[in-house]
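So you can see what is in the structure, the chains are spelled out below.
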Amino acid sequence: MSAPKVVVFAPGDEDSYKKFEEIGCELVLGKASWSDPTGNTTGELASMALEADALIGTSIKGGKIDRSVLSASEHLRIVAKYSVGVDEIDVDAATDLGIIVTHAPTEANWGGVVETTMTQMLTILKKVRQRDYALKNTADWRTPELTATHIGSREDGYAGLTIGIIGLGRIGGRFAQMLAPWRVRVLAYDPYQPIDRFIHANVQRVDMDTLLKESDVVSLHVVLNKETYHMMSDREFGLMKPTAVFLNTSRGPAVDEAALIRALQDKTIAAAGLDVFEIEPLPMDSPLREMDDRVLLSAHVAAHNYGAGIGPGIEWATEDVLKALKGQLPEHIFNKEVIPRWRERFEGRSAV
Ligand code: NAD
């Protein structure tokens, strides 16, 4: 039996993948890394995947793991992601070909995103950057334009803000929970979650247009797929209040970025907090880099925190690949419908 081949298309660190070498695997490393996710082209990925048994790595923004890559090897058992989101993988093709796709929605990952979303919201509404800048760079002690927004409702009759959450999954649901003590009105839109999820999250289920029209803050937490691609565009920004803040820590292409830029430039909406972009890394000539405090930007790092980051996800993905190579069903399967076919092809057949 020849050595099993593991392709690490986007290493997340310098050590974890050495475990595969230790058990006799041939390793092929891709160009992408956590700090530069551009990586290999689809054609290069297809060449790297020839005769591969497993593909593993974090998100890539250059090539796609499409059908040509997935069908480059008849032995391919698994594509394992260190992170949440499998949008660079053609999951339908993987299922069709009998290949398992795993992902790693660790609490370190989704919890980190929720904390960043909350931070974005507070930074913008409480004018954290402007107040700090004014004190360090001007002689003014207090100025009226540095008045911030009171977020929660109050006993004196102040109604507080309305926060709209689009996508009530792991991140959207946890964000709703974290908002509860703030005594704000929380609306949510998610056509794929049952009503009890809205009740448990203590949010009001509404349609998308109502959410956009009534919310002071709109926060996007959907998966990226054909349906959610550009789900926020000119029409949707046009429905929002001119004072509203838009937050996106989900996936860049869920937003028509040109429409968002227009909405900010025309003052259709007031501000945006963005961790993700249509093209990553964000091009140097993007108008978003030129905007003032209307935008708060970070480089797709919402989940990257000391003691967390993608480390736990690397462990999950590594374990999933080791199991698959041994002919055992891995744990964190994204395309569960593939399981019967995969069992027929690989269960009990070790490649190591
Ligand atoms: P999840 O799968 O738990 O939740 C996504 C939710 O979106 C689901 O409830 C689903 O029903 C809903 N949804 C699907 N289509 C929808 C539509 N058309 N309209 C409204 N809702 C729709 O995913 P999650 O773990 O909560 O992750 C949410 C997003 O955050 C994903 O896009 C993920 O890739 C992204 N993410 C970003 C980072 C980062 O570093 N910025 C890290 C982790 C995850």
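Residues numbered from 1 in each chain as written. Predicted model: local features only at pLDDT ≥ 70, side-chain atom pairs only at ≥ 80, totals over all residues. Heavy atoms only, no water.

Draft legend 1. Quick look at the overall build of the protein. Counting its secondary structure elements, the protein contains 13 helices and 12 strands. Scaling as 2.2 N^0.38, a compact globule of 352 residues should have a C-alpha radius of gyration of about 20 Å, and the protein matches this with 22 Å. For the protein, buried positions account for 52% of its 352 residues. A fraction of 62% describes how many contacts in the protein between residues 6 or more apart in sequence connect residues 24 or more apart. Counting every atom, the protein has about 16,700 Å² of accessible surface; 52% of that belongs to carbon and sulfur. Looking at the protein, you have 38 positive and 50 negative side-chain charges, and the mean spots of the two groups are 4 Å apart. (Helix = DSSP H or I, 4+ residues; strand = E, 2+ residues; numbered from the N terminus. Rg over C-alpha atoms; globule rule 2.2 N^0.38 Å. Buried < 20%, exposed > 50% of the residue type's maximum accessible area, 1.4 Å probe, protein only. Contact = heavy atoms within 4.5 Å. Areas by Shrake-Rupley, 256 points an atom, 1.4 Å probe, with all protein chains shown as cover. Lys, Arg positive; Asp, Glu negative; His and termini not counted. Charge placed at Lys NZ, Arg CZ, Asp CG, Glu CD.)

Draft legend 2. Highlighting the nonpolar core. Among the nonpolar cores identified, the biggest contains 30 residues, and Ile166, Leu220, Met232, Phe237, Met240, Phe246 and Leu260 are the most heavily contacted of them. Secondary structure elements with two or more residues in this core: helix H9 (208-214), strand E9 (217-220), helix H11 (257-265) and strand E11 (271-274). Ranked by the residues each element gives to this core, the list is headed by H11, at 5 residues. Setting aside residues no more than four positions away along its own chain, Met232 makes contact with Ile166, Met208, Leu212, Leu220, Phe237, Met240, Phe246, Ala254, Val255 and Asp256. (Core = buried A, V, L, I, M, F, W, Y, C linked by side-chain atoms within 4.5 Å.)

Draft legend 3. A look at the site of the ligand. Contacts to the ligand come from 28 residues, most closely from Asn109, Asp190, Gln193, Val222 and Glu227. A distance of 2.6 Å separates an oxygen atom of the ligand from a polar side-chain atom of Asp190. Side-chain polar atom of Asp275 to a nitrogen atom of the ligand: 2.9 Å apart, as the coordinates give it. If the ligand stood free it would expose 870 Å²; the protein chains cover 91% of that surface. Per-class residue counts for the shell around the ligand are 13 nonpolar, 10 polar and 5 charged. (Near = heavy atom within 4 Å. Polar contact = N/O pair within 3.5 Å; in protein donor to acceptor, adjacent residues only side chain to side chain. Nonpolar A, V, L, I, M, F, W, Y, C, P; charged D, E, K, R; others polar.)

Draft legend 4. Geometry of the sheet that holds E11. Across the sheet, which stays open at both edges, the 7 strands sit in the order E8-E7-E6-E9-E10-E11-E12 with parallel pairing between neighbours. Looking at strand neighbours, the two that pair on one side only are strand E8 (204-205) and strand E12 (295-297), the edges of this open sheet. Bridge count for E11 against E12 is 3 bridges, and the pairing is parallel. Paired with Gly273 across the two strands is Leu296, which belongs to E12. Most of the contacts of helix H5 (residues 107-125) go to strand E10 (residues 245-248), to which it runs at about 155 degrees, and overall it touches strand E6 (162-166), E9, E10, E11 and E12. (Pairing = 2+ DSSP bridges. Axes fitted to C-alpha atoms, helices over the stretch in contact; angles between N-to-C directions.)

Draft legend 5. Representation of the domain arrangement of the protein in the model. Segmentation of the protein into domains returns domain 1 (5-104 + 310-346) and domain 2 (107-297). A straight line from the C-alpha centre of domain 1 to that of domain 2 covers 33 Å. Regarding the contact of domain 1 and domain 2, the summed buried area is about 780 Å², with carbon and sulfur atoms giving 50% of it. For the domain 1 face of the interface with domain 2, the top three residues by lost area are Lys61, Val84 and Asp87, together amounting to 57%. (Domains from an automatic or database assignment. Buried area = accessible area lost by both parts, 1.4 Å probe.)

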